[in-house]
Amino acid sequence: MTKGQAISLQKNDGGSLTAVRMGLGWQAAPRRGLFGSRTREIDLDASAVLFADKQPVDVVFFRHLVSDDGSVRHTGDNLVGGVGQGGDDEAILVDLSRVPVHIDQIVFTVNSFTGQTFQEVQNAFCRLVDETNGQELARYTLAGGGAYTAQLMAKVHRTGGGWTMTALGNPANGRTFQDLMPAILPVL
Amino acid sequence: MTAELVRGQNHPLSQSRLEIRVSAGTPVVAVAALGDENGRIHGVEWVAHPGAPTQPGLEVSRQAAADHRLAVDLDAMTDAVHRVGVLLALPAAGGGPGPARFGAVAAPFVAVTGLDGDEVASYTITGLEAESAVVALELYRRQGAWKVRAVGQGYTGGLAELLTDQGLPEAVPLAGSINEAVARGLARSVQAPPSRPSDGDRSRQTAAPALGPDQGGTAPQGAPGPVPPAYGGQPSGGPGQSGPQPSYGGGGAAEPSATTGGPINYSHPGRRNSAPPPPPPTAPPAQPGQPAQPVAGDATGWSMEERLYNQVWGMFEDLARSTAAYRSAVDFAESRMDKELEQALSDPRSRIGGQGDAVREAARARHAHLVDQAREVLDRDIAQLVAEADVVEPALPPAFARWDNPAWHAYRVPMEIPMALRLGDLRLPEADRIRIPMLLRLPLERGLWIDSGRADSIDGSFTDSHDMRRLAMDTAVAHAARLLAVYPAGEFTVHVIDPAGSGTQPLAPLTGTGVLAAPPAQGAAGVTDVLSRLTQRVDLVQMALRGGAPDALPPGFDTSQQLLIVNDFPHGFDDRAVNQLRYLADEGPSVGVHLMMVADREESSAYGPLLDPLWRSLLRLTPVPNSHLADPWVGHAWTYEPPLVPAGSQVLHQVLTQVAAARRAWNR
């Protein structure tokens, strides 16, 4: 999946998805030179911001792991990454059938809490999985990250009766989702 | 707010003096070990264990116990210390009695609390199998600040292997001396007073009708107050939809042997939990497009009681969240309409002709449409929860059931303490059709306050202060009767202070049946007497526990839980008595002495802010419906309804008569 590409979350058989998982995985890039085997810990955080008509209504991040309505759940903060060696280090589960009726967009973001830029991150990816059968719907690689500390990954928004996901990939800077709000608003 | 950690997760610590609570359901050894920045333990003097319970900044218990409180003072650590590991081990691994692997016992629960008792973080150590020792938590220094991490690393080779792994040179001899100290402690200690469930007793307990006998093992203890334990598997999709149930199916032949009820139990007492519990009732397959039929006990747990408890908490959370979604949508619809109306008003074009009206009309229509949609979703959720409540409510055991539940008519004095107690019902204005049972974990962790002050009742009806006091006392009696009834005979004792005798009439069910330890104390002398005795008792038990010698208590010492009902506070109380009461409120709960105040806070206003901590430490309940309780997830104000006995019902009298008879038989 590339930047700006949109995919509909309708299943091939016509039914729509009910639960999706946004997974985030990364590894710290090893440094070269003396003590080159030592890797520095990098703490990336995944967040999801729920919008109703461009107004932020709720946010799910490491300090608020479940949205008030219970439809979006964060599996918990991972501070170092790389545990799964290719698996998800942090994940946000969205039960699309239970998202409140006024929420029309959910934006997923990644922030570097420890301040390293994505240049120092290896094998970072973000993927969308159909939680009901584990099938990967889309994968977005953060490879060759630039000198920025945050990225808007994707947004899931209502279209007609169902949901559509659009890959964003916009770079931004900030420690938590709050710092990203100015960057998020233009993409809604 | 408590952070419920999962394995590997960490959490910052803002305080340096901490208490670490461990509840394991079976006696375990708790050890605290210091490590340097590489996690290495330098020597035996870096380990606090039952043989050497205090080290600088550390204190652990002298013996194996199901519940521990470890004291940690991070400021007292030398600069060389970078890690404090909390280690748990089963005594059996060192030759003691009991299960030899963590897989055979309930998942241990550890919590880090501040000195004020507020939980900072908690962690349930799941997934252990053949391990007999485990690193539960690690407090570690990171850039000058301390953090806690849930570790959960188990070792099959016991403490010796664990300590070796942490780089301690004298690991094996130290593990040996720990085991020796534990064995000495076990030989010395008496059986802990209220023993928790065992299978044999379970089958004789009044099991919920038509649900199959209730069996299973030790319920995990110590999950604090209103935090629902182990909700991991609950899908947000609401109850009824069969979520990730533990798949205990499989060995169908093995299960029924233990479930046939009757007094004989062939299962090995030391291997309670090794046999899988009976499979939870599964929902029949749903019709396509229809939500699944709800069934009682459709939640995780080792026993039907625990499953029902978890199911009720699941319903509580689902209702809280569904309502949050609805309220959020309505708020949004209103703010959008306001904005649109304002825009229409400020737009000069709308002043001409009917254009403005059309815009306003459209804004209102958009509002109504969204609210209707939200209401539709909420109604769908409520219908599902109502259907679930309809099957769950009749299945509840007496401790969880309303007084009008037939379970109370079939009441028999239980053999063991239930997991929780129903304190009343909770409801939200949006969902008037559904009442969530308010279940409080037992044993009580804080006292109760039945507020006899003039509350603003929900329906606006005026209750004068005399009626209010009477109602408050009736409510207190109903709560006390329920507590007496759900504890086994002789394991719960109720004292009453009624200085002016104004509670004589409401107290009649208790005094008439003879379930009280002594007649209600009257006058200033009575107040002083009861308070002095209870204060002495708290002091004595605390000394014995602190000294690690519970067998030093005098022979014939009554080890039951104590409840003191205080009516008309502060009438009849002098300053000394007030101080004693505050001492009981602070120190009593940890040694099983609890308060139930029936009072109007206004009447003790002469004491100024001195009593504020006392009121805050009590759980406030009201004798009339009142919305003052918040849920732990979203913080809605829930309307609390007290559990009153239906008018004209004899159930209270019948139940208390049985309790009194059982107490007499037990005392003999």
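Placed above this text is the structure.
Quick look at the structure, then. Computed from a prediction, not measured in an experiment: that's the story for all the values here. (Residues numbered from 1 in each chain as written. Chains lettered and ligands numbered in written order. Predicted model: local features only at pLDDT ≥ 70, side-chain atom pairs only at ≥ 80, totals over all residues.)

Digging into the overall build of chain A
Phase 1: Helix and strand counts for chain A come out as one helix and eleven strands.
Phase 2: Ordered by position in the sequence, the α and β elements of chain A form the string β-β-β-β-β-β-β-β-β-β-β-α.
Phase 3: Among the 188 residues that make up chain A, the fraction classed as buried is 45%.
Phase 4: Look at the contacts in chain A between residues 6 or more apart in sequence, and 65% of them connect residues 24 or more apart. (Helix = DSSP H or I, 4+ residues; strand = E, 2+ residues; numbered from the N terminus. Buried ≥ 20, exposed ≤ 12 C-beta atoms within 10 Å, placed from the backbone. Contact = placed C-beta atoms within 7 Å.)

Looking at helix α1 (residues 177-184) of chain A
Residue and element names in this part refer to chain A.
Phase 1: Among the residues of α1, F177, L180 and I184 are the ones counted as buried. An end-on view of α1 places all buried positions within 55 degrees of arc, on one side of the element.
Phase 2: If you follow the buried residues of α1, they end up packed against β3 (44-52), β4 (55-60), β7 (105-112), β10 (150-159) and β11 (162-172). (Arc of directions from axis to C-beta.)

Here we look at the sheet that holds strand β15 (residues 448-451) of chain B
All names here are of chain B.
Phase 1: Taken together, the five strands give an open sheet; going across it, the order is β16-β17-β18-β15-β19, and neighbouring strands pair in parallel fashion. Each of the sheet's edge strands pairs with one partner strand only, and the pair in question is β16 (492-497) and β19 (619-621). Each strand axis lies, on average, 20 degrees off the axis of its neighbour in the sheet, ignoring direction.
Phase 2: As judged from the four bridges shared by β15 and strand β18 (residues 593-599), these two strands associate in the parallel manner. Directly across from D451, in β18, lies its bridge partner A599. (Pairing = 2+ DSSP bridges. Axes fitted to C-alpha atoms, helices over the stretch in contact; angles between N-to-C directions.)

Some thoughts on the interface of chain B and chain A
How big an interface is tends to be reported as the loss of accessible area on association of its parts.
Phase 1: Taken together, the 18 residues of chain B in the interface contact 16 residues of chain A.
Phase 2: For the side of chain B that touches chain A, the secondary-structure elements that each account for two or more residues are α5 (304-346) and α6 (355-395) of chain B.
Phase 3: In terms of residue class, the side of chain B that touches chain A is built from ten nonpolar, six polar and two charged. (Nonpolar A, V, L, I, M, F, W, Y, C, P; charged D, E, K, R; others polar.)

Topic: the packing of α5(B) against α6(B)
All names here are of chain B.
Phase 1: Between α5 and α6, the least distance of the axes is 9 Å, while the angle of their chain directions is 175 degrees. By the criterion of interaxial angle, the relationship of α5 to α6 is roughly antiparallel.
Phase 2: Looking at the contact of α5 with α6, its residues break down into 21 nonpolar, five polar and nine charged. (Parallel < 35°, antiparallel > 145°, perpendicular 65-115°, else oblique.)

As for the packing of helix α8 (residues 465-486) of chain B against helix α13 (residues 651-667) of chain B
In a packed pair of helices, the relevant descriptors are the angle between the two axes and the axis-to-axis distance.
Residue and element names in this part refer to chain B.
Phase 1: Contact geometry for α8 and α13: axes closest at 10 Å, N-to-C directions at 40 degrees. By the angle between their axes, α8 is oblique relative to α13. Crossing angle aside, the handedness with which α8 passes α13 is left-handed. Every residue of α13 that contacts α8 at A481, L484 and A485 is listed here: L652, V655, L656 and V659.
Phase 2: Grouping the amino acids of the contact of α8 with α13 by side-chain chemistry returns seven nonpolar, no polar and no charged. (Left-handed = near helix turned anticlockwise from the far one by under 90°.)

Focus on the nonpolar core
All names here are of chain B.
Phase 1: Core analysis: the biggest nonpolar cluster contains 149 residues, and A480, I565 and M596 have the highest contact counts within it.
Phase 2: It is α5 that provides the largest number of residues to this core, a total of 16 residues.
Phase 3: Summarising the domain contributions, this core has at least three residues from each of domain 2 (223-242 + 290-402) and domain 3 (442-667).
Phase 4: Sequence-distant contacts of M596, that is, excluding residues within four places in its chain, are made with G447, L448, I450, A476, H479, A480, L563, L564 and I565.
Phase 5: The next biggest cluster of nonpolar side chains, apart from the first, holds 70 residues, and it includes V81, F102, A104 and A181. (Core = buried A, V, L, I, M, F, W, Y, C linked by C-beta atoms within 7 Å. Domains from an automatic or database assignment.)

Section: the environment of B:H82
Residue and element names in this part refer to chain B.
Phase 1: Among the secondary structure elements, H82 is positioned in the loop between β7 (65-73) and β8 (83-89).
Phase 2: For H82, a count of 18 C-beta atoms within 10 Å corresponds to the partly exposed category.
Phase 3: A sequence separation of 59 residues divides H82 from R141, and the C-alpha atoms of the two residues are 5.2 Å apart.

Overview of the sheet that holds strand β20 (residues 626-630) of chain B
Residue and element names in this part refer to chain B.
Phase 1: Spatial ordering of the open sheet is given by β14-β13-β21-β20, a layout of four strands whose pairing is antiparallel. Pairing within the sheet leaves two strands with one partner each, and these edge strands are β14 (431-441) and β20. The sheet shows a mean angle of 50 degrees between the axes of neighbouring strands, direction not considered.
Phase 2: In terms of strand pairing, strand β13 (residues 420-428) meets strand β21 (residues 637-641) through three bridges, oriented antiparallel. What sits directly across from L426, in β21, is Y640.
Phase 3: Sitting on the sheet, α5 touches β13 and β14, and the angle it makes with β14 is about 135 degrees.

Let's talk about the environment of B:L656
Residues and elements named next belong to chain B.
Phase 1: Inspection of the secondary structure puts L656 in helix α13.
Phase 2: Here the alpha-carbon distance between L656 and V515, two residues 141 residues apart in the chain, equals 6.9 Å.
Phase 3: Ignoring any residue separated from it by four or fewer positions in sequence, one finds L656 in contact with A481, P509, L510, T513 and V515.

Observations regarding the pairing of strand β17 (residues 561-569) of chain B
All names here are of chain B.
Phase 1: In terms of residue burial, β17 counts as a mostly covered element, since nine of its nine residues are buried.
Phase 2: As judged from the six bridges shared by β16 and β17, these two strands associate in the parallel manner. Looking across to β17, one finds that F492 is bridged to Q561.
Phase 3: As judged from the seven bridges shared by β17 and β18, these two strands associate in the parallel manner. Across the sheet, L564 pairs through a bridge with L595, a residue of β18.
Phase 4: A crossover connection joins β17 to the parallel β18 through helix α11 (residues 575-587); in handedness this β-α-β unit is right-handed. (Right-handed = clockwise from strand over helix to strand, strands pointing away.)

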